[in-house]
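# A look at the structure
These are the residues of each chain, in order.
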Amino acid sequence: KQEVTQIPAALSVPEGENLVLNCSFTDSAIYNLQWFRQDPGKGLTSLLLIQSSQREQTSGRLNASLDKSSGRSTLYIAASQPGDSATYLCAVLPNPKAAGNKLTFGGGTRVLVKP
Amino acid sequence: GAGVSQSPSNKVTEKGKDVELRCDPISGHTALYWYRQRLGQGLEFLIYFQGNSAPDKSGLPSDRFSAERTGESVSTLTIQRTQQEDSAVYLCASSLVTGNTEAFFGQGTRLTVV
């Protein structure tokens, strides 16, 4: 059974500092890994998708790396801003065509960027 | 539409009543997921639909919960005889199953059982 863990559960940094968010998963047989952002009382916004064959993916100030063999992904957010304050979730997908497929989520990291 | 649409956005119901939640996926997305998120908690998988395959209902918490999807279009999640512990945000997501399988979520339906 796939288990996804995100440590730390909460993180507080001053504005301008780089953020490093960690995600680990127990079963390396994944199809892809996706990072999401969730603001309080809102749905999930997709940030980055990394296919299992990729090592990293970048979008603006965001960079996500994937080491499938060790079961780890890291989301880097450069030069953090107060608007980056949110909960960040990672999720892994085993096989989108399989009957037992589902996105398995970590518990999230709640980030606060202080002005 | 451009994104996943869920309705209603908010629902307050009396204990014991039935409720129906609706999800309109992105056009062309054959995969559709329902998740539940209780206040301050993580996402709890409920059910997964993929094309015409039998849905994965392994996450449904009790037989009061059921979901349907007609083809690759709208899905409805029905909760019968609602209980206070059913109060949560119900989130729907859709994706392709080949190529770019990025999942997109709706804004959720906040259900409050009083």
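Keep in mind that this is a model prediction, so the values were computed, not measured. (Residues numbered from 1 in each chain as written. Chains lettered and ligands numbered in written order. Predicted model: local features only at pLDDT ≥ 70, side-chain atom pairs only at ≥ 80, totals over all residues. Heavy atoms only, no water.)

It is worth spelling out the environment of Arg22(B) at this point. All names here are of chain B. Of note, Arg 22 is situated in strand β3 (residues 19-24). Of the residues examined, Arg 22 reaches a relative accessible area of 37% and is grouped as partly exposed. Taking the C-alpha atoms as reference points, Arg 22 and Tyr 90, 68 residues apart in sequence, are found 9.9 Å from one another. Those residues in contact with Arg 22, other than ones at most four positions away along the chain, are Ser 5, Gln 6, Ser 7, Trp 34, Val 74 and Ser 75. Only 2.8 Å separates the side chain of Arg 22 from the side chain of Asp 24, close enough to count as a polar contact. (Helix = DSSP H or I, 4+ residues; strand = E, 2+ residues; numbered from the N terminus. Buried < 20%, exposed > 50% of the residue type's maximum accessible area, 1.4 Å probe, protein only. Contact = heavy atoms within 4.5 Å. Polar contact = N/O pair within 3.5 Å; in protein donor to acceptor, adjacent residues only side chain to side chain.)

A separate point is the sheet that holds strand β1 (residues 5-7) of chain B. Residue and element names in this part refer to chain B. Ordered in space as β1-β3-β7-β6, the four strands form an open sheet in which the pairing is antiparallel. If you trace the sheet from one side to the other, it starts and ends with β1 and β6 (65-69), each paired once. With direction set aside, neighbouring strand axes in the sheet form an average angle of 15°. Direction of pairing for β6 relative to strand β7 (residues 75-79): antiparallel, over a ladder of five bridges. Bridging across to β7, Phe 65 finds its partner in Ile 79. (Pairing = 2+ DSSP bridges. Axes fitted to C-alpha atoms, helices over the stretch in contact; angles between N-to-C directions.)

For the rest of this paragraph, the subject is the layout of surface pockets. Roughly 580 Å³ of internal volume is contained in the largest pocket. Looking at the largest pocket, it is lined by 27 residues, and the ones nearest its centre are Gln38(A), Gln37(B), Leu39(B), Gly40(B) and Gln41(B). Elements supplying a minimum of two residues to the lining of the largest pocket: β9 (86-93) and β11 (109-114) of chain A together with β8 (88-95) and β10 (109-113) of chain B. Among the residues making up the lining of the largest pocket, the classes are represented as nine nonpolar, 13 polar and five charged. Roughly 240 Å³ of internal volume is contained in the second largest pocket. Breaking the lining of the second largest pocket down by element, the ones donating at least two residues are β10 (104-105) of chain A together with β5 (43-50) of chain B. (1 Å grid on protein atoms, 1.4 Å probe; cavity = no way out; pocket = protein on both sides within 12 Å on 5 of 7 lines; lining within 4 Å. Points joined across faces, edges and corners; volume = space filled by probe spheres on them. Nonpolar A, V, L, I, M, F, W, Y, C, P; charged D, E, K, R; others polar.)

Looking now at the pairing of strand β4 (residues 32-38) of chain A. Residues and elements named next belong to chain A. Of all seven residues in β4, seven are buried; the element is thus mostly enclosed. Burial along β4 is two-sided: Asn 32, Gln 34, Phe 36 and Gln 38 facing one way and Leu 33, Trp 35 and Arg 37 facing the other are all buried. Looking at chain direction, β4 and strand β5 (residues 44-51) are connected through seven bridges and run antiparallel. By the bridge assignment, Trp 35 is partnered in β5 with Leu 48. Counted between consecutive antiparallel strands, the loop separating β4 from β5 contains five residues, among which Gly 41 sits at a positive phi close to 75°. Pairing of β4 with β9, which is carried by seven bridges, proceeds in the antiparallel orientation.

Turning next to the sheet that holds strand β8 (residues 72-77) of chain A. Residue and element names in this part refer to chain A. Read from one edge to the other, the open sheet built from five strands follows the order β1-β3-β8-β7-β6, with strand pairing classed as antiparallel. Unpaired on one side and paired on the other, β1 (4-7) and β6 (56-59) mark the two borders of the sheet. Averaged over all pairs of adjacent strands, the angle between strand axes in this sheet comes to 15°, irrespective of strand direction. By the bridge criterion, six bridges tie strand β3 (residues 19-25) to β8 in an arrangement that is antiparallel.

Let us look at the state of the cysteines. Under the criterion given, the structure shown has two disulfides over all chains. Residue pairing for Cys23(A): its cysteine sulfur links by disulfide to Cys90(A), the two sulfurs lying 2.0 Å apart. When the S-S torsion is 75°, as for the bridge of Cys23(A) with Cys90(A), the disulfide is right-handed. Taken as a pair, Cys23(A) in strand β3 and Cys90(A) in strand β9 lie far apart in primary sequence, 67 residues in all. Like Cys90(A), Cys23(A) is buried. Across the disulfide, Cys23(B) is cross-linked to Cys92(B) (sulfur-sulfur distance 1.8 Å). Across the disulfide from Cys23(B) to Cys92(B), rotation about the S-S bond amounts to roughly -65°, and the bridge is consequently left-handed. Taken together, the positions of Cys23(B) in strand β3 and Cys92(B) in strand β8 put the pair 69 residues apart, joining distant regions of the chain. Across this residue pair, the class does not change: Cys23(B) and Cys92(B) are buried. (Disulfide = S-S within 2.5 Å.)

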